[in-house]
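So the chains spell out like this:
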Amino acid sequence: MNEIRDLIVGIDFGKEHSQICYYDRKAGEPRSLSMKVGGSQYEAPTCLCRRVEQKDYCVGLEAEYFAREKGGIMIGNIYDICQSEEKPQVAGEEKDPAELMAYFLKGILKFLGIQDIVKNTKCLCLTSPELTGVQVRNYQKACSLAGFPAEKYMLMDYGESFYYYALGQKRETWNRSVGWYAFTGEDVMFRKLTINGSVRPFLVKMEKPVNMHLPPEDEIRDMEFCRFVTKTLGKELFSSVQITGDGFDQHWAQQSVKLLCHQGRKVFYGNNLFAKGACIAGKDRLEDKKLKGYRFLSDSLVTTDVGIDMRVMGSPAYYPLIEGGYNWYECGAGCELILDDTEELVFIVGIPDETEKRRVGMPLPGLPKRPNRTTRLSLELKYVSPKDCEITVKDLGFGEMYPSSGKVWKELVRWDETEERKQA
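Okay, so let's go over this structure. The shown structure was predicted, so the numbers you read here are calculated from the model rather than taken from an experiment.

**Digging into the pairing of strand β1 (residues 7–13)**
Burial of β1 is extensive: 7 of the 7 residues sit out of reach of the surface. Burial along β1 is two-sided: L7, V9, I11 and F13 facing one way and I8, G10 and D12 facing the other are all buried. Here β1 pairs with strand β10 (residues 121–128) via 6 bridges, running parallel. Its bridge partner being in β10, L7 is matched across the sheet by T121. Where β1 and strand β2 (residues 17–24) come together, 5 bridges link them in antiparallel fashion. What sits directly across from F13, in β2, is S18. Between β1 and β2, which pair antiparallel one after the other, the connecting turn spans 3 residues.

Written as structure tokens, this is what we have:
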């Protein structure tokens, strides 16, 4: 590789296999890294091996070798482990899922061949098939354990990395809809990426998946997939079609390929799409910003704006806390404030399709009685799911005269389900 600093790295953390790539600025595109020196094997098993003699961990193909030939302890379901908070036993010790994933990240990052990888990385973008709340917590903790501060990594699911990959190609491949067929053995899933160019920013969304089970016999399989293609693509104009996963083979898909290429549609097949999409995401968000006029409407998107009215330098002002349009695991904010003749916080909430902003109150029961403007609070907002926002308020007191009471108020709120606070 020809990049040694300010690296933008994409990792596809898959259920069975994982990949890594980096952004080649000279070529202007992501480059996949082979898991074998001098080879072209870009997928590595998503597994770890605890090497008994060395008392360390190795990943992927090396992990399989040491488990098979050297008596190492195989941990073969890292993805599944990270979907839970349960601590598995490894060599008689309980291991946190995030700790095991951190070992995996460190191991796969070694393929870059860069000294002090954290220092020389500008952005690590991690993508996986889905992102539940438990996964997000484990991934965030794993990145931290691997040495990456929050500003140096980002997370996304396959749907979002597909969006970045698709719109990172030449415009003629996505100026209309883009089709995606994802194969898993004998099952195939179809999703359609559409762009609404009639609004600003342009809204891009991935439609709900359509699934089909295919028969194993080649000729019948080809015929059934043709029917599925006809059903899913219909007569709509598609700029391109992307095919991913194990289970598709041009050997059996002879009629299907002809149908897919009908009307001049460009058809692409490969399994490095998600790692490259993650890499493109990091490049676009931090440097290019070519897609700043587009908004991807993912299922994990926070749509509400949240702020609070304050007096700043003596003048009333709106202080924004959360801006809609970002994934829930990226949304968080905090500030300190002094209460002025009130015993509650009132949030100003902007909800899409509502012309008037809501005013949502949060009472602070048990608030210490002090003179006005002598109660200082810390306020933290953090999303724990696409809908649920956790609010944490702490009493900081007011200097030596009014020490902190240690009181903490917590509330889990869904802004679009709250009733507007009635004004007196």
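**Examining the nonpolar core**
Of all hydrophobic cores here, the largest spans 100 residues; its most connected members are L193, L345, F347, L379, L381 and W415. Broken down by element, this core gets its largest block of residues, 8 residues, from helix α3 (residues 97–109). Those residues in contact with W415 that lie beyond four places of it in its chain are T304, V306, F347, V349, I351, R358, V360, L381, Y383, C389 and I391.

**Some words on the environment of L345**
Its place among the elements puts L345 in strand β24 (residues 344–350). Separated by 34 residues in the primary sequence, L345 and L379 have C-alpha atoms spaced 9.7 Å apart. With residues up to four places along the chain from it excluded, the contact list for L345 reads I308, L337, L339, V360, G361, M362, L364, L377, L379 and V393.

**Examining the sheet that holds strand β5 (residues 48–51)**
Pairing is antiparallel across the open sheet formed by 3 strands, whose spatial order is β6-β5-β7. With partners counted over all chains shown, the strands left at the sheet margins are β6 (56–59) and β7 (73–75), one partner each. Between one strand axis and the next, the sheet turns through 25° on average, direction left out of account. Pairing of β5 with β6, which is carried by 4 bridges, proceeds in the antiparallel orientation. Note that in β6 the partner of R50 across the bridge is Y57. Relative to β6, helix α1 (residues 60–69) is tilted by about 120°, and along the sheet it contacts β5, β6 and β7. Sitting on the sheet, α3 touches β5, β6 and β7, and the angle it makes with β6 is about 60°.

**Some points on the side chain of E160**
Along the chain, E160 turns up in helix α5 (residues 158–167). In this structure E160 comes out as buried when scored by relative accessible area, which is 6%. Within the structure, E160 has its side chain in polar contact with the side chain of R285 (distance 2.9 Å).

**Focus: the packing of aromatic side chains**
Under the criterion given, the structure shown has 25 aromatic pairs. Ring centres of F225 and W252 lie 6.0 Å apart, and the angle between their planes is 70°; on these two criteria the pair is classed as edge-to-face. Of the two residues, F225 sits in helix α6 (residues 218–233) while W252 sits in the loop between β16 (238–246) and α7 (254–260), which places them 27 residues apart along the sequence. Feature note: the residues Y181, F183, F190, F225, F228, F238, F248, W252 and Y269 constitute an aromatic cluster, connected by ring pairs. Its guanidinium or amino end placed over the ring of F66, R51 lies 4.6 Å from that ring's centre, counting from NZ or CZ. Across from the ring centre of W252, 4.9 Å away, lies the NZ or CZ of R221, which sits over that ring.

**Thoughts on the sheet that holds strand β28 (residues 408–413)**
Sheet strands pair by backbone hydrogen bonding; their relative direction is either parallel or antiparallel. Strand order in the open sheet made by the 4 strands is β23-β26-β27-β28, with antiparallel pairing throughout. Edge positions in the open sheet fall to β23 (332–338) and β28, since each of these has one partner strand only. For this sheet, the mean inter-axis angle between neighbouring strands, taken without regard to orientation, is 15°. Pairing of strand β26 (residues 376–383) with strand β27 (residues 389–397), which is carried by 8 bridges, proceeds in the antiparallel orientation. Paired with L381 across the two strands is I391, which belongs to β27.

**Remarks on unusual backbone geometry**
Residue P201 follows R200 across a cis peptide bond; omega there is -5°. Checked against the element boundaries, P201 lands in the loop between β13 (187–196) and β14 (202–206). The residue D116 is not glycine, and still its phi comes out positive at about 50°. Relative to the assigned elements, D116 resides in the loop between α3 and β10. Backbone geometry places D353, a non-glycine residue, at a positive phi of 75°.

Rules used throughout
Residues numbered from 1 in each chain as written. Predicted model: local features only at pLDDT ≥ 70, side-chain atom pairs only at ≥ 80, totals over all residues. Heavy atoms only, no water. Buried < 20%, exposed > 50% of the residue type's maximum accessible area, 1.4 Å probe, protein only. Helix = DSSP H or I, 4+ residues; strand = E, 2+ residues; numbered from the N terminus. Pairing = 2+ DSSP bridges. Core = buried A, V, L, I, M, F, W, Y, C linked by side-chain atoms within 4.5 Å. Contact = heavy atoms within 4.5 Å. Axes fitted to C-alpha atoms, helices over the stretch in contact; angles between N-to-C directions. Polar contact = N/O pair within 3.5 Å; in protein donor to acceptor, adjacent residues only side chain to side chain. Phe/Tyr/Trp six-rings, centres within 6.5 Å; stacked < 30°, edge-to-face > 60°. Lys NZ or Arg CZ within 6 Å of the ring centre and 35° of its normal.

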